[in-house]
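These are the residues of each chain, in order.
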Amino acid sequence: MPDINVSIYLPLLKSIKTHVNRMKHISPYLYVSANMAGEFKLRVETDAVTVGTLFSNLQNHRFDGCDDQGDAEYMFEACINGKRFSSFLGTPFIPNKAICSER
């Protein structure tokens, strides 16, 4: 198992989909951030504006053998294609729980 920097349970994917569908019209790229303090952030940026939303008080998913050293407030971030992520969220199969992990 690779070392995981952050792993949290996501909020309801329907809620995320609403935000992503609005943000994808502002910028083609979406920044997804999370930390071990239970925060998950979606953000888009252009030269003129930065728009984001923060989900907090999320539970962390702990993997066996994962050490908890480091700053829990540090946000790990990835840049993804907003339209593809929106398409994924629009699939008919939406799980009750989803985990976001970054290594």
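In this text the structure is predicted, and so the values were computed from the model without any measurement.

Observations concerning helix 2 (residues 82-89)
Line of reasoning, step 1. Buried within helix 2 we find Gly-82, Phe-85, Ser-86 and Leu-89. Down the axis of helix 2, the buried side of the element spans an arc of 100 degrees, and every buried residue falls inside it. Seen from the open side of helix 2, the exposed residues pointing more than 90 degrees away from its buried face are Lys-83 and Arg-84.
Line of reasoning, step 2. Each element contacted by the buried residues of helix 2 is listed here: helix 1 (13-23), strand 2 (29-34) and strand 5 (76-81).
Line of reasoning, step 3. Structurally, the start of helix 2 carries an N-cap: the backbone nitrogen of Lys-83 is 2.9 Å from a side-chain oxygen of Asn-81.

Points about the environment of Glu-45
Line of reasoning, step 1. Counting through the fold element by element, Glu-45 comes out in strand 3 (residues 40-45).
Line of reasoning, step 2. On the basis of relative accessible area, Glu-45 is assigned to the partly exposed category, the value being 36%.
Line of reasoning, step 3. Each C-alpha atom of the pair Glu-45 and Ser-27 lies 6.6 Å from the other, and the pair is 18 residues apart in sequence.
Line of reasoning, step 4. In contact with Glu-45, not counting residues within four places along its chain, are Ser-27, Tyr-31 and Thr-50.
Line of reasoning, step 5. Here Arg-43 takes part through its side chain, which lies 2.9 Å from a polar atom of the side chain of Glu-45.

How each quantity is defined
Residues numbered from 1 in each chain as written. Predicted model: local features only at pLDDT ≥ 70, side-chain atom pairs only at ≥ 80, totals over all residues. Heavy atoms only, no water. Buried < 20%, exposed > 50% of the residue type's maximum accessible area, 1.4 Å probe, protein only. Helix = DSSP H or I, 4+ residues; strand = E, 2+ residues; numbered from the N terminus. Arc of directions from axis to C-beta. Contact = heavy atoms within 4.5 Å. Polar contact = N/O pair within 3.5 Å; in protein donor to acceptor, adjacent residues only side chain to side chain.

Shape is all these values report; function is a separate question.
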